[in-house]
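Coordinate analysis (summary)
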Amino acid sequence: MRLSHFDYHAPETVAQAIALMQAKPGARLMAGGTDLLIKMRHAGLKLQDVISVKSIKGLNTITVDENKGLSIGATALLADVALHPDILKYYPTVAQAARGTANAQVRNMGTVIGNLCNASPAADNAPTLLAMNAEVEIHGPGGQRRMPLEQFFKGPGITALQPAEIVTAVHAPKLAPHTGTAYISLSARGQLDCTAVGVAAMIVLKGKACEEVRIFISSCGPTPVRALKTEAIARGKELTEAVIEQAGNQAAGEVKPIADVRASAGYREKMVAVLTRRVLSQAYTRASE
Amino acid sequence: MKQVIVLNVNGEPYTVAVYPWQTLNEVLREEINLTGVKFGCGSGDCGACTVMVDGRAVSSCLTLAIEMQGKEIMTIEGLAPSGETLHPIQESFVEKGAIQCGFCTPGMEMAALNLLKNNPTPSDYEIREALAGNLCRCTGYKKIIEAVGVAGQKMKEASERKTS
């Protein structure tokens with residue numbers, strides 16, 4: 001099966017990429033190509049123009065700064081995020097999510113930002129970054145802006161990006177002391193298949209009580225879903241077994257999953273309860289350490 | 001429009017004219033005649049098309065040839081050091097009976113190399129994780145996993161011999 005024909009562009013600066021997107025409406029940006037080329041080969045996507053972002057200099061950087069936090073550039077590979085020593089040390093859940101994305105070959109090609117920009121409700125790298133209150137950096141004809149990742153996802157495959165805009169990086173803030181994060185996903189074939197259910201949590205402790213709790217659930221709605229009522233149950237409390245049980249049940253009630261090839265709606269709801277309990281417990285333990 | 005590029009494959013430069021939509025897989029198989037690299041699913045699920053690019057295993061079916069200028073590409077044909085000697089990974093696959101129909105083998109061995117060059121003593125779990133993107137429809141995974149473990153040992157011993 002061949003790819004349909006397209007013109008290929010490889011801008012070397014963000015400004016050139018924006019100008020190309022303005023000049024070629026309907027063009028799509030491509031980083032690793034591990035989503036876009038599959039859509040072109042197997043899902044009938046026809047494009048006149050493909051704009052590769054891989055030649056843009058400086059976009060592949062990963063930085064972990066003591067004050068500014070974590071920044072992952074648009075062309076930084078999943079494999080590099082998964083194995084980055086400082087990410088493993090300070091943002092282990094971010095590394096874990098990258099390592100749990102697809103397989104070794106795809107991780108050597110695909111990017112975290114590409115995973116976010118494809119806006120799959122199952123995107124493995126979204127829930128944990130959402131839980132950490134990450135922001136995307138966007139460049140476009142109108143200049144540069146930052147947007148909370150929480151406002152970025154608008155539907156399956158739909159983001160808040162305006163025409164000719166490009167995400168150049170995702171930034172996660174420096175985590176407060178006594179912060180714990182966790183992410184667990186389920187899929188049919190180990191970590192390899194698209195996530196059927198995933199839950200991420202971030203907990204900030206004050207003493208034994210949760211000062212801040214953020215919970216995001218993937219693959220159970222058109223975008224990753226924030227479980228606000230579940231967070232409210234845990235906030236201000238010590239996470240006893242009873243609180244964790246109650247939170248799990250609330251989370252299952254907070255999503256309206258569909259049944260599809262990956263899982264039934266009922267299975268998803270049950271697993272949301274299970275995974276919410278597990279991530280809360282893990283994040284709480286990590287925050288206490 | 002076709003663009004002329006130079007592909008460095010298994011240490012040899014090949015000048016080829018490619019369309020932007022031609023994949024590395026198509027160019028390797030059809031222009032350079034390296035048919036050890038297979039085409040399976042076309043979606044990064046089966047691993048049959050795995051090759052090394054700059055020392056990393058990638059799916060050649062999802063790689064545009066036009067982006068490969070200046071990269072070092074290695075296919076299964078370039079794995080053995082010479083025409084006569086097998087690479088330890090190939091040797092172990094033969095010894096352990098990890099080859100049945102052979103279609104998945106080139107991709108399996110590239111994925112194994114991707115793991116073993118950084119981690120010659122992987123755990124069983126690490127081997128399984130490293131091969132998770134490679135399907136064998138003869139379902140001979142057990143022997144493949146054993147072969148990768150043995151290959152790691154051989155590579156470690158060979159590099160220790162070299163340094164001692």
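Just so you know, these numbers come straight off a predicted model, no measurement behind them. Position labels on residues start from 1 in each chain and follow its written sequence. The naming scheme follows written order: chains are lettered A onward, ligands numbered 1 onward. It should be noted that, the model being predicted, local features are given only for residues of pLDDT at least 70 and side-chain atom pairs only at 80 or more, the latter also being counted only at that level, while totals for whole chains, interfaces and linings use all residues.

**Comments concerning the sheet that holds strand β14 (residues 225-226) of chain A**
All names here are of chain A. The condition is simple: Following DSSP output, two strands are said to pair if at least two bridges run between them. Here a strand is any run of E in DSSP of at least two residues, a helix any run of H or I of at least four, and the numbering for each starts at the N terminus. Note on contacts: each residue gets a C-beta atom placed from the backbone, and two residues are in contact if those atoms are within 7 Å. With axes taken as lines fitted to C-alpha atoms, and helix axes fitted only over the stretch in contact, angles between N-to-C directions fall between 0 and 180 degrees.
If you walk across this open sheet you meet the four strands as β11-β12-β13-β14, and the pairing is antiparallel. Two strands close off the open sheet at either side, each with one partner strand: β11 (179-186) and β14. Bridge analysis of β11 against strand β12 (residues 197-206) gives eight bridges, and the strand direction is antiparallel. Each residue of the ladder has a partner; that of G180, found in β12, is I203. Packing against the sheet, helix α11 (residues 265-288) makes contact with β11, β12 and β13 (209-218), and its axis sits at approximately 30° to β12.

**Re the interface of chain B and chain A**
Note the cut-off: Each residue gets one label: Ala, Val, Leu, Ile, Met, Phe, Trp, Tyr, Cys and Pro are nonpolar, Asp, Glu, Lys and Arg are charged, and the others, such as Gly, are polar.
Listed per partner, the contact involves 22 residues of chain B and 25 residues of chain A. Of all the secondary structure elements, the ones that give two or more residues to the side of chain B that touches chain A are β4 (56-59) and α3 (105-116) of chain B. The greatest single-element share of the side of chain B that touches chain A, amounting to four residues, is contributed by β4(B). A breakdown of the residues in the side of chain B that touches chain A according to their chemical character gives 10 nonpolar, 10 polar and two charged.

**Some points on the packing of helix α2 (residues 88-95) of chain B against α3(B)**
For any two helices packed against each other, the geometry is given by the interaxial angle and the distance between the axes. All names here are of chain B. Heads up, the rule is: Roughly parallel refers to an angle under 35 degrees, roughly antiparallel to one over 145, roughly perpendicular to one between 65 and 115, and oblique to any angle outside these ranges. Crossing handedness: left-handed means the near helix sits turned counterclockwise from the far one by under a right angle, and right-handed means the same turn made clockwise.
Between α2 and α3, the shortest axis-to-axis distance is 10 Å and the interhelical angle comes to 125°. Taken together, the axis directions place α2 and α3 in an arrangement best described as oblique. Crossing of α2 against α3: the hand is right-handed. Two secondary-structure elements touch here, α2 through I89, Q90 and F93 and α3 through T105, E109, A112 and L113.

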